[in-house]
Amino acid sequence: MQHVYIGLGSNLGNPAEQLQRAIAAIAQLPHTSFVSASSLYSSAPLGPADQPRFTNAVAHISTELTANELLARLQHIELEQGR
C-alpha cells in the first residue's frame, strides 16, 4: 500500500459541503483505506481576485491503486460533483 496525500479545494456553491462529499467519496475508493483528513481552511484566491475565497483540505489515504487508476477515480469524483 502506498500513502497518498490529496489536496482538495473549492470556491463555488457550498465549498465546505463539496469537500465533505469529496472526502466521503475518496474514503469509498476500492483497494483504499481512508487514514485522515485535515480541518477545512479558508484562503484568498490566487490570480484574479474577483472570485470567492477557497475552502481547502488535505485527505490522507493508503491505496493499492496505481497512480493512473487513482487519478482516473479522483477525476470521476470531480465530474460527479459537477466540476
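Before reading on, note that the structure itself is shown above.
The structure presented is a predicted model; accordingly, all values stated were derived computationally and were not measured. (Residues numbered from 1 in each chain as written. Predicted model: local features only at pLDDT ≥ 70, side-chain atom pairs only at ≥ 80, totals over all residues. Heavy atoms only, no water.)

J.: What should I look at first to understand the side chain of Thr 55 in this one?
T.: Summarising the element assignment, Thr 55 is placed in strand β4 (residues 54-63). Beyond its immediate chain neighbours, meaning those up to four positions away, Thr 55 contacts Leu 8, Gly 9, Ser 10, Pro 15, Ala 16, Leu 19, Leu 40 and Tyr 41. (Helix = DSSP H or I, 4+ residues; strand = E, 2+ residues; numbered from the N terminus. Contact = heavy atoms within 4.5 Å.)

J.: Explain the pairing of β4 here, please?
T.: It is a general feature of regular strands that their side chains alternate between the two faces of the sheet. Burial analysis of β4 places 7 of its 10 residues in the buried class, which makes it a mostly covered element. Bridge analysis of strand β1 (residues 2-10) against β4 gives 9 bridges, and the strand direction is antiparallel. Within the sheet, the bridge partner assigned to Tyr 5 lies in β4 and is His 60. Where strand β2 (residues 32-37) meets β4, 5 bridges bridge the pair, whose relative direction is antiparallel. When the sheet's bridge partners are listed, Phe 34 is paired in β4 with Ile 61. With 3 bridges connecting them, strand β3 (residues 41-43) and β4 associate as antiparallel partners. Bridge assignment links Tyr 41 to a residue of β4, and that residue is Asn 56. (Buried < 20%, exposed > 50% of the residue type's maximum accessible area, 1.4 Å probe, protein only. Pairing = 2+ DSSP bridges.)

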